[in-house]
Amino acid sequence: MPPHKIFLILFLSLFIARFALERILAALNLRHVLARRHQIPETLKEMVSMEHYERSVDYTQAQTRFGQVEAVLSAALTLVFLFSGFIPWLNAQFQALNPGELTQGVALILAFTLISAFLFLPTEMYEIFIIESRFGFNQTTAGTFWLDKLKALLLALVIGIPF
C-alpha cells in the first residue's frame, strides 16, 4: 500500500476516533448531570437555590446538545476543506497573483480563517442570541457582537501577520 494511503487511513481513523470519543464523553457528562438534576452538590447547597441549579442543568443540556450539532458541522467542514480541493484551489488563486511566498502563505491563512469564521457565524450567533438569551446569560447586543468581531479580527491581524 502506498504511504499516502496509509497516512490517509491513519488520519481518518484518528479523526473519527477523536470525534467519537468527544461525542461519547459529552453524552456521558450530560447523562451524569441530568441524573443528579434534583441534587445540588454539597459544596453548592448554601450558595445556590434549587431553582438556579435546575436552570444551570437545563443550560448544560441545551449547550451540550447544541455542541453535538456544532461538532458534526465542524467535522464535516474540516473534511470538506481537507478533501474537496478547496485549499489547493484557494492557494492557486493567490499564487496567480505572484505575491511572493510569505505574502501568499499569509494571504492563504487569512482567507481560510475569514472563510471559516464566516461559515461558523450562524452557529455562534445562535449560541449567543438564542441559547444564552433563553437562560438569561446574554448581555450582548448585536452592536457589541459585531464590534467584538471587528476587535478580534484587528487583534488577529496585528498579532498574526508577520512583518
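Rules of the game
Residues numbered from 1 in each chain as written. Predicted model: local features only at pLDDT ≥ 70, side-chain atom pairs only at ≥ 80, totals over all residues. Heavy atoms only, no water. Helix = DSSP H or I, 4+ residues; strand = E, 2+ residues; numbered from the N terminus. Rg over C-alpha atoms; globule rule 2.2 N^0.38 Å. Buried < 20%, exposed > 50% of the residue type's maximum accessible area, 1.4 Å probe, protein only. Contact = heavy atoms within 4.5 Å. Areas by Shrake-Rupley, 256 points an atom, 1.4 Å probe, with all protein chains shown as cover. Lys, Arg positive; Asp, Glu negative; His and termini not counted. Charge placed at Lys NZ, Arg CZ, Asp CG, Glu CD. Patch = residues over 30% accessible without salt bridge, like charges linked within 9 Å, V, L, I, M, F, W, Y side chains within 5 Å. Salt bridge = Lys/Arg side-chain N within 4 Å of Asp/Glu carboxyl O. Expected span 1.5 Å × (residues − 1). Axes fitted to C-alpha atoms, helices over the stretch in contact; angles between N-to-C directions. Parallel < 35°, antiparallel > 145°, perpendicular 65-115°, else oblique. Left-handed = near helix turned anticlockwise from the far one by under 90°.

Peer 1: Is there a simple way to think about the overall build of the protein chain in this case?
Peer 2: In terms of regular secondary structure, the protein chain is built from 5 helices and 0 strands. Ordering the α and β elements of the protein chain from the N terminus gives α-α-α-α-α. A globule of 163 residues ought to have a C-alpha radius of gyration of about 15 Å, yet the protein chain, at 21 Å, is considerably larger. Expressed as lengths along the three principal axes of its C-alpha atoms, the size of the protein chain is roughly 65 × 50 × 25 Å. Every one of the 163 residues in the protein chain was classed for burial, and the buried ones make up 21%. Taking the contacts inside the protein chain whose residues are at least 6 apart along the sequence as the reference set, 60% of them involve residues at least 24 apart. Accessible area for the protein chain stands at about 11700 Å²; split by element, carbon and sulfur atoms hold 69% of it. The centroid of the 12 positive side-chain charges in the protein chain is displaced by 7 Å from the centroid of its 12 negative side-chain charges.

Peer 1: Is there a simple way to think about unusual backbone geometry in this case?
Peer 2: Trans peptide bonds make up the majority, and among non-glycine residues the majority have a negative phi. In this model, N98 sits at a positive phi of 55 degrees, which is unusual for a non-glycine residue. Position of N98 among the secondary structure elements: in the loop between α3 (86-96) and α4 (101-134).

Peer 1: For this particular structure, what's the right way to read a nonpolar patch on the surface?
Peer 2: On the surface, L110, L114, L147, L150, L153 and L154 cluster together into a nonpolar patch covering about 480 Å² of accessible area. Mapped by element, the contributors of at least two residues to the nonpolar patch are α4 and α5 (142-160). If you tally residues by element for the nonpolar patch, the top one is α5, at 4 residues. Here L114 is to be found in helix α4.

Peer 1: Looking at this structure, I do not really get helix α2 (residues 50-83). What am I missing?
Peer 2: For an α-helix, 3.6 residues make a turn, and residues three or four places apart therefore share a direction. In this model, α2 (34 residues) spans 49 Å end to end at C-alpha, consistent with the 50 Å of a helix rising 1.5 Å per residue. In the segment just after α2, G85 is the residue with positive phi, at about 90 degrees.

Peer 1: Explanation requested: the pattern of salt bridges in the structure shown.
Peer 2: For side chains of opposite charge, pairing can occur when their charged atoms come near one another. Enumeration over the complete set of coordinates arrives at 5 salt bridges. A salt bridge links E42 to K45, with the shortest nitrogen-to-oxygen separation between them at 3.1 Å. Classification of K45 as partly exposed rests on a relative accessible area of 44%. A salt bridge links E124 to K149; its shortest N-O distance comes to 2.6 Å. Taken as a pair, E124 in helix α4 and K149 in helix α5 lie far apart in primary sequence, 25 residues in all. Assessed through its relative accessible area of 26%, E124 is described here as partly exposed. For K149, a relative accessible area of 30% puts it in the partly exposed group.

Peer 1: I keep staring at the environment of H52 and nothing clicks. Help me out?
Peer 2: Tracing the sequence through the fold places H52 in helix α2. When the C-alpha atoms of H52 and I40 are compared, they prove to be 9.9 Å apart, with 12 residues separating the residues in sequence.

Peer 1: Whenever I open this one, the packing of α2 against α4 confuses me. Can you help?
Peer 2: How two helices sit against one another is set out by the angle between their axes and by the gap between those axes. Packing of α2 against α4 leaves a shortest axis separation of 11 Å and a crossing angle of 170 degrees. Considering the angle they form, α2 stands roughly antiparallel to α4. α4 is crossed by α2, and the crossing has right-handed handedness. Residue-level inspection shows Y59, A62, Q63, F66, E70, L73, S74, L77 and F81 of α2 in contact with α4, the latter providing F112, I115, S116, L119, F120, T123, Y126, E127, I131, E132 and R134.

Peer 1: Just to check I follow, could you spell out the side chain of Q68 for this structure?
Peer 2: Turning to its location among the elements, Q68 is positioned in helix α2. Beyond its immediate sequence surroundings of up to four residues, Q68 is in contact with R23, A26 and A27.

Peer 1: In this structure, what is going on with the environment of Q93? I would like to understand it.
Peer 2: Here Q93 shows up in helix α3. Counting along the chain gives 64 residues from Q93 to L157, while the straight-line C-alpha distance between them is 21 Å.

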